[in-house]
Amino acid sequence: MNNSIVWRSFLPSPACRSARHFLLWAVAGSVCLFLPSLKAQSTYQEPDYSKIKPESGPITLEVWTWVVGLDKAAQLFEQAYPDIKVHVNNVGAGPTEYQKLQTAIKAGSGGPDVAQIEYDFLPSFIATDGLTDLSKYGAEEAKSFFVPWTWGQISPDGKAVFGIPQDSGPMAFLYNKKIFDQYGLSVPTTWDEFAQQAEKLAKASDGKVKLVDFVPTQAPWFIGLAWANGAQLFKAQGDSWTQSLNSPECQKVLDFWADLIRKKYVATIPDFTAEFYNAVGSGQIAASIEAAWGPGVLAASLNDKTSGEWRVAPLPQWSKGQPFRSGNWGGSCDAVLKQSKHPNAATLFCVWLNCAKGAVLNNWNSYGIFPAGLSGLGSPDLNQSDKNPSKFCGGQNVAQVYVDASKAVNVDFPWSPWFAFVNDDYNKQIAALISGAMTPKQALDAWQSDSLKTATGDGYDVKAK
Amino acid sequence: MRRYRKTAFLFLAPFLTVFIAFYLAPVGYALYLSLFVKKRIGIGPPKEVFGGLANYIRAVQDTDFLNGLKNMFVFGVVQVPIMLGLAILLALLLHQSRGPFMKACRTAFFMPYGIPTAIGAMVWGYLYSANLSPFNQILKAWHQGTIDFLSPAIVLFSIANIVTWTWTGYNMITLFAALQNIPQDLYEAARVDGAKTWDIVRRIQIPLLLPTLQILFIFSIIGTSQLFTEAFVLRPLGYLADNITPNLYLYLTAARDANYSYAGALAILLALLIFVISGPFLRRVASR
């Protein structure tokens, strides 16, 4: 999940409808004498939750998340654990939530028990000492149930556990088949083909339809593409760090996009805005490079407009013969704050939320939360053609494309505690790039030096690499 | 005498309690925080150690912060006179006229003030978005180029427009009330002496509005230094510089970068600066 903004709350919420779908489905499931679910259960493994003992007595857990529809999963939890009530609170997505969270951590009170935090921002919360080490509460129990690299993201030193992985965001190419057919475009498998199709579409539509949007205000989107090109941004070595935002791998990616931007073959609309959803929903944008949660979020945000017209294809590659590579954009974990009075119950909720089948499927179907749990990822139930995100993609097995992408992501990708600044400073440099005030090289160099300056100003021992 | 003083404190107590708890105490806390710096040893949470004036020295050398202050001055010099000028004009017009239409106008001008700043900024955010903006659609219909209201060169003026929209009505009502207070016989005397409408405006109304205007001017200057919400709400819609206003910059320093000590120092410096700027005006008003 990446950061959206206040605007999304204006968009009609899909939560009600997906909840209804979910209930219908649940009822249908029980009517069928549990036959399908029994069969699935034989392969769907869940940890032994009884190893995590919640505090006794009635407990209310406060949970901050921006996953629309997560309250339905929380209700399932409440049914399983009647002594624990869960209050789900959407206080905004990404940085909007993080800024409230940092304030609550500094204040020492006022924060939730559980908070959704993206992997790239997790180190900034570890650095402010706001998160509980869940290994003290039996989280290790769940380790073997998660995709190993997502566990690496929440346990950077391999010992302390600062959250339970919720989802990941391997990237793929989401395209509107109707527009592709209309203009006779082919699905690009390499970036060269991608550029050709972008040119073809721009010329055929007289510049009115763009192939994709170059997202100008989401650093993790660009980082995901650089990641797929072998980039590494941060590394901790002993007590010091290195940072390489202007590496040749990043340079190659930004050069490619800067050329398309200059020729006006791609749009440059900030993501997660009314403007972006309007452009996508009205057919001004033919495709989008989206993480695994992207189709689900788009389906929810467009309120099923253009539903069924989309398809997912693998991310274009730099050369034809290379081993297939993808990158990751976003993905979150659920962390427990040190100020929580019920760390055991909170740990139990985090583990359950991301392992229990009902919760995992609910979150995938209502908001495209691509599970970080191995059983969830392997579950054939992710592919339900009458439910989003598969329905949004004409019944295609969306999960499979992203499962394949997930296997092609370089799993060793550490972040840094000053990433919140790096994330915002990207917007500044890209604005200069788009306006023509900077070349791609200047933009990346400025990104690197601005971020180094802030990190060293905050006392980090960090060098350029 | 002593007894009176006690009674005075008793009556002041409700105000003083709140004033100390929610005003002086946070200022004191910010001052306290600002004296610490982070010391990091290796990876992991930093230690807060006493750093004296280190944060203040960093602040006066921080070009981002200084440019934020510059933005604030540009804003104050351009927006405040426009807003107050408009408010005077509208107040005078409303004062001249009678009738239901004028009453409706008065309410309409004042209405933006009643809308929460965040909501107002969101609505303007829609009006400013490059392709959805009705302004741009009108421009397109006339085959003109569109304007990117959120582009770095323009966005400060876009924010100024929102602030003007919100606050002109408030200032107008205050001035309108002050106009109502001008004794009727002054107008009559002026008319007897053969004064025209313009003479009355120039020699009676504007001079008598001056004390109110001075107060409004000080409020506006202080308001300018506190600009935050509009920028904060517009921020996710595109690129807005961290230091578009000093308050946004210090908020991000605290809530995003978790550097509360440095943000405390920035806040204290900003408060001092506003004190120095508005102090002489306040003294002049008080001495009247």
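Our structure's up above, just so we're on the same page.
Every value quoted in this text rests on a predicted model; they were computed, and no experiment measured them.

Caption draft 1: Examining unusual backbone geometry more closely. Each neighbour pair has its own omega, and for Asn388 of chain A with Pro389 of chain A the value is 0°, a cis peptide bond. Here Pro389 of chain A is to be found in the loop between helix 15 (374–378) and helix 16 (398–407). Phi at Phe272 of chain A is positive, roughly 60°, even though this residue is not glycine. Within the fold, Phe272 of chain A resides in the loop between helix 10 (248–262) and helix 11 (274–281). Although it is not a glycine, His143 of chain B adopts a positive phi angle of roughly 60°. When you line up the elements, His143 of chain B lands in the loop between helix 6 (134–141) and helix 7 (155–180). Looking at His143 of chain B, the relative accessible area reads 74%, which means it is exposed.

Caption draft 2: Structural view of the nonpolar core. The biggest cluster of nonpolar side chains holds 156 residues, and the ones touching the most others in it are Ile117, Phe194, Trp221, Trp257 and Ile289 of chain A. Of all the elements, helix 13 (residues 343–355) of chain A adds the most residues to this core, at nine residues. For this core, the domains that each give at least three residues are domain 1 (6–168 + 331–394) and domain 2 (171–328 + 412–464) of chain A. Contacts of Trp221 of chain A, omitting those with residues within four sequence positions, involve Met171, Asp213, Phe214, Val215, Trp257, Ile289 and Trp329 of chain A. Membership of the second largest hydrophobic core comes to 25 residues, among which are Tyr187, Ile204, Leu213 and Ile221 of chain B.

Caption draft 3: Representation of the packing of helix 9 (residues 219–228) of chain A against helix 10 of chain A in the model. Residues and elements named next belong to chain A. It is at 8 Å that the axes of helix 9 and helix 10 come closest, and there the two elements cross at 115°. Taken as a pair, helix 9 and helix 10 cross one another with a handedness that is right-handed. Contact with helix 9, carried on its side by Trp221, Phe222, Leu225 and Ala226, involves Cys250, Val253, Leu254 and Trp257 of helix 10 and no other residues of that element. Considering only residue class, the contact of helix 9 with helix 10 consists of eight nonpolar, no polar and no charged.

Caption draft 4: Expanded view of a nonpolar patch on the surface. Where nonpolar side chains cluster on the molecular surface, the patch consists of Val74, Val77, Val78, Ile82, Leu86, Leu89, Leu93 and Phe157 of chain B and spans about 690 Å² of accessible area. In this structure, Leu86 of chain B sits in helix 3 (residues 63–96).

Caption draft 5: Quick look at the pairing of strand 5 (residues 171–176) of chain A. Residues and elements named next belong to chain A. With six of six residues buried, strand 5 is to be regarded as a mostly interior element. Both faces of strand 5 are covered, namely the face carrying Met171, Phe173 and Tyr175 and the face carrying Ala172, Leu174 and Asn176. Where strand 5 meets strand 8 (residues 287–291), five bridges bridge the pair, whose relative direction is antiparallel. Across the sheet, Tyr175 pairs through a bridge with Ala287, a residue of strand 8. Strand direction decides the pairing type here: strand 5 and strand 9 (residues 310–314), joined by five bridges, are antiparallel.

Here is what the cut-offs are and how they apply
Residues numbered from 1 in each chain as written. Chains lettered and ligands numbered in written order. Predicted model: local features only at pLDDT ≥ 70, side-chain atom pairs only at ≥ 80, totals over all residues. Heavy atoms only, no water. Helix = DSSP H or I, 4+ residues; strand = E, 2+ residues; numbered from the N terminus. Buried < 20%, exposed > 50% of the residue type's maximum accessible area, 1.4 Å probe, protein only. Core = buried A, V, L, I, M, F, W, Y, C linked by side-chain atoms within 4.5 Å. Domains from an automatic or database assignment. Contact = heavy atoms within 4.5 Å. Axes fitted to C-alpha atoms, helices over the stretch in contact; angles between N-to-C directions. Left-handed = near helix turned anticlockwise from the far one by under 90°. Nonpolar A, V, L, I, M, F, W, Y, C, P; charged D, E, K, R; others polar. Patch = residues over 30% accessible without salt bridge, like charges linked within 9 Å, V, L, I, M, F, W, Y side chains within 5 Å. Areas by Shrake-Rupley, 256 points an atom, 1.4 Å probe, with all protein chains shown as cover. Salt bridge = Lys/Arg side-chain N within 4 Å of Asp/Glu carboxyl O. Pairing = 2+ DSSP bridges.

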